[in-house]
Amino acid sequence: MTPTVSIIMPVYNCRAYLDDAIESVLEQTLDDFEFIVVDDGSTDGSRERLAEWEQKDSRIRLLVRSHLGVTRALNEALFSARGIFVGRMDADDISEPDRLRRQVVFLHENPDIVAVGTATLFIDEDGLPEIGRAHV
């Protein structure tokens with residue numbers, strides 16, 4: 001079955017942020033997605049944590065490789081993607097729960113549009129907004 005969205009996420013030594021990033025994807029209100037995560041040769045325990053997440057949720061597909069950089073990791077994930085749409089995620093980002101649903105609805109309602117983005121809210125290491133650093 002073809003998923004609506006393939007979310008692709010490269011990971012290189014982001015162990016400290018992985019759980020929050022992954023949970024924010026798995027808790028999306030639109031759950032018809034595959035989550036392709038590429039470990040790009042991490043040495044900080046990221047690969048092992050990603051393997052644990054892959055065992056917990058069948059939507060996660062972990063690709064493991066030696067460290068060749070973010071561009072190659074993204075290309076590898078993109079070549080593996082089966083979704084109608086592709087969503088991009090960084091390993092140190094957190095997605096709002098309604099992100100995917102809103103983006104997919106917008107793209108369906110606007111077939112001439114080929115890409116969408118989101119607003120950005122920078123947060124500190126405690127998850128609190130950094131005043132004055134929000135970008136749209």
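Procedures and definitions
- Residues numbered from 1 in each chain as written.
- Predicted model: local features only at pLDDT ≥ 70, side-chain atom pairs only at ≥ 80, totals over all residues.
- Heavy atoms only, no water.
- Helix = DSSP H or I, 4+ residues; strand = E, 2+ residues; numbered from the N terminus.
- Expected span 1.5 Å × (residues − 1).
- Buried < 20%, exposed > 50% of the residue type's maximum accessible area, 1.4 Å probe, protein only.
- Pairing = 2+ DSSP bridges.
- Axes fitted to C-alpha atoms, helices over the stretch in contact; angles between N-to-C directions.
- Contact = heavy atoms within 4.5 Å.
- Parallel < 35°, antiparallel > 145°, perpendicular 65-115°, else oblique.
- Left-handed = near helix turned anticlockwise from the far one by under 90°.
- Core = buried A, V, L, I, M, F, W, Y, C linked by side-chain atoms within 4.5 Å.
- Salt bridge = Lys/Arg side-chain N within 4 Å of Asp/Glu carboxyl O.
- Arc of directions from axis to C-beta.

Asks: Explain helix α1 (residues 15-26) here, please?
Replies: Given 3.6 residues per helical turn, the α-helix brings residues three or four places apart onto the same face. Its 12 residues give α1 an end-to-end C-alpha distance of 17 Å, which sits within 8% of 16 Å, the value for a rise of 1.5 Å per residue. Here α1 has its buried residues at Leu18, Ala21, Ile22, Ser24, Val25 and Leu26.

Asks: What's the story with the sheet that holds strand β3 (residues 60-65) in this structure? I'm lost.
Replies: The pairing of strands in a sheet comes from backbone hydrogen bonds and takes either a parallel or an antiparallel form. The strand order across the open sheet built from four strands is β3-β2-β1-β4, with neighbouring strands paired in parallel fashion. The open sheet is flanked by β3 and β4 (85-88), the only strands paired with a single partner. Going from strand to strand, the sheet's axes swing by 20° on average, the running direction of each strand aside. Looking at chain direction, strand β1 (residues 5-11) and strand β2 (residues 33-40) are connected through seven bridges and run parallel. The residue of β2 that forms the bridge with Val5 is Phe33. In the packing of helix α2 (residues 46-56) onto the sheet, contacts are made with β1, β2 and β3, and the angle to β3 comes to roughly 155°.

Asks: Mind showing me how you'd approach the environment of Gly127 here?
Replies: With respect to the helices and strands, Gly127 occurs in the segment after α4 (99-109). Judged by relative accessible area, Gly127 falls into the partly exposed class, the value being 39%. Separated by 107 residues in the primary sequence, Gly127 and Asp20 place their C-alpha atoms 9.9 Å from one another.

Asks: Help me understand the packing of α1 against α2, please; the structure alone is not making it clear to me.
Replies: When two helices pack together, their arrangement is given by the angle between the helix axes and by the axis-to-axis distance. α2 packs onto α1 with a crossing angle of 25° between their chain directions and a minimal axis gap of 10 Å. Looking at the two axes, α1 sits roughly parallel to α2. You can see that α1 and α2 cross each other, and the crossing is right-handed. When α1 is examined against α2, the residues Arg15, Leu18, Asp19, Ile22, Glu23 and Leu26 are found in contact with a partner set consisting of Ser46, Arg49, Leu50 and Trp53.

Asks: What should I look at first to understand the nonpolar core in this one?
Replies: Within the largest apolar cluster, 24 residues are counted, with the highest numbers of intra-cluster contacts made by Ile7, Met9, Val11, Ile22, Phe33, Phe35 and Val37. When residues of this core are assigned to their parent elements, the largest contribution, five residues, is made by α1. Grouped together as the second largest cluster of nonpolar side chains are seven residues, Ile8, Val38, Leu63 and Ala73 included.

Asks: Honestly, the pattern of salt bridges in this entry has me stumped. Any pointers?
Replies: Side chains that differ in charge, positive against negative, can pair when their charged atoms come close. Per the counting criterion, the structure on display carries 11 salt bridges. With a shortest N-O distance of 3.1 Å, Asp40 and Arg65 are connected by a salt bridge. In this pair, Asp40 is assigned in strand β2 and Arg65 in strand β3, connecting sequence segments 25 residues apart. The same class applies to Asp40 and to Arg65, which are both buried.

Asks: Looking at this structure, how should I read unusual backbone geometry?
Replies: In most cases, non-glycine residues show a negative phi, while peptide bonds are predominantly trans. For Asn13, which is not glycine, the phi torsion reads 50° and is therefore positive. Summarising the element assignment, Asn13 is placed in the loop between β1 and α1.

Asks: Looking at this structure, how should I read helix α3 (residues 70-80)?
Replies: For α3, the full list of buried residues reads Ala73, Leu74 and Ala77. The buried residues of α3 occupy an angular sector of 95° when the element is viewed end-on, so they sit on one face. Away from its buried face, by an angle of more than 90 degrees, α3 presents the exposed residues Thr71, Arg72 and Phe79. On the buried face of α3, the contacting elements are β1, β2, β3 and β4.

By themselves, these figures tell us nothing about what the structure is for.
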